[in-house]
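One-letter residues, chain by chain:
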Amino acid sequence: MRREPQARRDPQAGRHPLAGPDPDAAGDPFAQGGPQSGPGGFAAAQGDPYAAADAYERDGSYGQTPGYPQADAFATSGPAAHPVAETATATAQRPAEAKEGKEGKEGKEGKGAKEGEGAAAPSWAGGKKPGRDRYLDLLRSLALVRVVAYHVFGWAWLTILFPSMGVMFALAGSLMARSLNRPALGVIRGRIRRLLPPVWVFGAVAVPLMFLSGWQPAKQLGGTWLIELFTYVVPFGAPPYPWDTDAVPGVGWLSGSWAVQAAGPLWYIRAYLWFVIASPLLLWAFRRVPWATLLAPLALTAVIGTGLVEIPGETGRAITDFAVYGSCWVVGFAHQDGLLKQVPRYLAVSCAALFMGFGLWWASGHLGPDGWDLNDIPLAQAAWSFGFVVILLQYAPSWQELPGRLAQFDKLITLSNNRAVTIYLWHNALIMATIPLLDPLWQFPLVYDTLGTAFAETYSVWMFVLVWPLIGLTIVAVGWIEDLAAGRKPRLWPDGSRRARAGGTRRR
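What you see as residue numbers is a count from 1 along each chain, following the sequence as written. Reporting of local features is limited, given that this is a predicted model, to residues whose pLDDT is at least 70; pairs of side-chain atoms are given and counted only at 80 or more, and all residues count toward the totals for whole chains, interfaces and linings. Side-chain numbers come from the whole structure's heavy atoms, not from hydrogens or water.

Topic: the overall build of the chain
In terms of regular secondary structure, the chain is built from 25 helices and 2 strands. Within the chain, the proportion of its 508 residues that are buried is 58%. Accessible surface area values rest on a Shrake-Rupley calculation with a 1.4 Å probe, where residue burial reflects the displayed protein chains alone. Counting every atom, the chain has about 20,600 Å² of accessible surface; 66% of that belongs to carbon and sulfur. Strands are runs of DSSP state E lasting at least two residues, helices are runs of H or I lasting at least four, and both sets are numbered from the N terminus onward. Throughout this description, buried means an accessible area under 20% of the type-specific maximum (1.4 Å probe, protein chains only), exposed means over 50%, and partly exposed covers the range between.

A short note on the packing of aromatic side chains
Aromatic rings from Phe, Tyr and Trp, taking only the six-membered ring of Trp, are treated as a pair when their centres fall within 6.5 Å; an angle between ring planes under 30 degrees marks them as stacked, one over 60 as edge-to-face, and anything in between as tilted. Counted under the stated rule, the structure contains 29 aromatic pairs. Taking the centre distance of 5.0 Å and the plane angle of 75° together, the rings of Phe202 and Trp426 count as edge-to-face. Within this pair, whereas Phe202 is found in helix α9 (residues 184-212), its partner Trp426 is found in helix α20 (residues 420-438), the two being separated by 224 residues in sequence. Comparing Phe202 with Trp426, the two get one shared label, buried. Criterion for a charge above a ring: Arg CZ or Lys NZ at most 6 Å from the ring centre, at most 35 degrees from the ring normal. One cation-aromatic arrangement involves Arg345 over Tyr395; the distance from NZ or CZ to the ring centre is 4.1 Å.

What about helix α19 (residues 410-418)?
Buried residues dominate α19, accounting for 7 of its 9 residues. For α19, the full list of buried residues reads Asp410, Ile413, Thr414, Leu415, Ser416, Asn417 and Asn418. Contacts made by the buried residues of α19 are with α6 (134-153), α20, α23 (459-478) and α24 (480-485). Contacts are residue-level and defined by heavy atoms, with any inter-residue pair within 4.5 Å sufficient.

Here's the deal with the side chain of Ser416
Tracing the backbone shows Ser416 in helix α19. Here Ser416 falls in the buried class, since its relative accessible area comes to 11%. Between N or O atoms, a polar contact is any pair within 3.5 Å; within protein, one atom must be a potential hydrogen donor and the other a potential acceptor, and residues adjacent in sequence are included only when both atoms are from side chains. Reaching out from Ser416, the side chain makes a polar contact with the side chain of Ser141 at a distance of 2.5 Å.

What to know about the packing of α6 against α23
Helix-helix packing: each pair is described by the crossing angle between the helix axes and the interaxial distance. Following both chains from N to C, one finds α6 and α23 inclined at 135°, their axes separated by 9 Å at the closest point. In this view, α6 runs oblique relative to α23, as classed from their interaxial angle. In this structure, α6 meets α23 at a crossing whose hand is right-handed. For the pair α6 and α23, contact is made by Val145, Val148, Ala149, Val152 and Phe153 and by Ser460, Val461, Met463, Phe464, Val467, Trp468 and Ile471, respectively. Lys, Arg, Asp and Glu make up the charged group, whereas Ala, Val, Leu, Ile, Met, Phe, Trp, Tyr, Cys and Pro make up the nonpolar group; the residues left over, Gly among them, are polar. Residues belonging to the contact of α6 with α23 are distributed by class as follows: 11 nonpolar, 1 polar and no charged. Axes, fitted as lines to C-alpha atoms, cover a helix only where it is in contact. Angles between the N-to-C directions of the axes lie from 0 to 180 degrees. Convention used here: angles under 35 degrees read as roughly parallel, angles over 145 as roughly antiparallel, angles from 65 to 115 as roughly perpendicular, and any remaining angle as oblique. Crossing chirality is assigned from the near helix's rotation relative to the far helix, an anticlockwise turn below a right angle marking it left-handed and a clockwise turn marking it right-handed.

Some remarks on a nonpolar patch on the surface
Among the surface-exposed residues, Trp200, Ile227, Phe230, Val233, Phe236 and Trp274 lie close enough to one another that they form a single nonpolar patch of about 560 Å² accessible area. Take Phe230: it is sitting in the loop between α11 (225-229) and α12 (258-263). For Phe230, a relative accessible area of 41% corresponds to the partly exposed category. Residues with no salt bridge and a relative accessible area higher than 30% make up the patches, which join like charges within 9 Å and nonpolar side chains (Val, Leu, Ile, Met, Phe, Trp, Tyr) within 5 Å. Each salt bridge in this description consists of a side-chain nitrogen of Lys or Arg and a carboxyl oxygen of Asp or Glu lying within 4 Å of one another.

Quick notes on the pattern of salt bridges
For side chains of opposite charge, pairing can occur when their charged atoms come near one another. All chains considered together, the criterion is met by 11 salt bridges. Where Asp483 meets Arg419, a salt bridge forms, and the shortest distance between an N and an O atom there is 2.6 Å. Here Asp483 is found in helix α24, whereas its partner Arg419 is found in the loop between α19 and α20, with 64 residues between them in sequence. The same class applies to Asp483 and to Arg419, which are both buried. Three or more residues joined by partner-sharing salt bridges are found here, namely Arg132, Arg134, Asp137, Arg140 and Asp410.

A look at the packing of helix α8 (residues 164-179) against α9
Interaxial distance between α8 and α9 falls to 10 Å at its minimum, and their mutual angle equals 140°. With respect to their mutual orientation, α8 and α9 come out oblique. Packed against α8, whose contacting residues are Leu175, Met176 and Ser179, the element α9 presents Val187, Ile188 and Arg191 at the interface. Taken together, the residues of the contact of α8 with α9 sort by class into 4 nonpolar, 1 polar and 1 charged.

Focus: the confidence of the model for the chain
When pLDDT drops low, the exact placement of atoms in the prediction is not to be read closely. Predicted confidence across the chain gives a mean pLDDT of 79, with 70% of residues reaching 70 or more. Residue-level confidence of the predictor is what pLDDT reports, using numbers from 0 through 100. Note that residues 1-117 has pLDDT below 50 and, in this model, 475 contacts with residues that lie over four places away or in other chains.

Quick look at the environment of Trp200
Counting through the fold element by element, Trp200 comes out in helix α9. A sequence separation of 32 residues divides Trp200 from Tyr232, and the C-alpha atoms of the two residues are 6.6 Å apart. Setting aside its immediate chain neighbours within four residues, Trp200 contacts Tyr232 and Val233.

Structure (structure tokens):
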């Protein structure tokens, strides 16, 4: 069974040991417990683990069409934008906002600056109207599925096929740019308010189990243990966890590296929080020197993500993650403000391809313990993710509804966007929980004698299949915390069905 040499190898979470009668054959399909994409980090969580539009922060709605309830994905990745006309009633209810929007379009920077709003948009900033963009919702859902798949199977090529964390940060950056048309402090406060309660619930379950399994943070972390433990309350740093634990009394399967797998992905929450707090300054810089702001994080990654300059400890990991995904976040600004569409498509795609090619070239000469896993290669991850999201957003359609066959996944996409934080926070722990559900099957003669080899070889597949019902149960059990954090009425299964039925009734 392979063990990860370092704690935060993968920005997406962690890898779990496959249990079974023949552990050597089972292998360890989990990349370590870090974020999916970054230097020592994981895949986002994500994320990111995982946001709301302007109107949503006020009343929990996006101005979206019936059937598509607002998503609070990581309080970071809300729907992006497509034009949805407001009714006369809605306009009457929000005269201040309507006036403010009109002034923003006319470029009246003085009033915005006077009121403490975000940086006034430059002449090329077309902006996006409030509403659900189902294309971006689809991307967010795909990112979450990819994160779960990576943490089950540990396939390095998944980090190239779809760089989930880069995509999630880009979507979050786009939403943040739109929200910052309003006072920055209020936006930041709203994001943090929606993010923290789900983290508290996760910590309220995970931390006591760590103590029960013999964790002694004072001995492991030294004199800073109380401060580090406080990151489960306010994740200004990646929360700590024990690398190896004894079995939890009464829960024998919670032993070994379960805490690494469960808490490792929390790096994304810390990275997201940093981006949210830094966004007013980043957006101000972007709207004045866009290209320099866009490329600066890549330059920083080339310095600190290659070992040229080393910053030790959690501070170094946090700065590296910020640099690796910083350009993706700023690409979200460019998408929201319309700058990306001002660049000729052939030029944007050509430049993006050059960055992606450089990322693969750099990776080829700096392969990590898992080969082509970009989570181990910060500069390659940064360049590849940057080019990837530029192409995704350059070709972004504006879908009010999912087209064609994609429409059959509408409810699942709506649900995953509404519960992105819950899915991200809990998915790795739930992957571990599949092991005690699958292992008893070895007691059946049919499995052990007849299907033993096939079952062992497809163990990861069964884990991937089984984890989704567990995620569904977790959404029902604790997902409603996201609604309370956002000031909405709790919903057990927010897949848009109720809103769709209400909309159909109104139309009749």
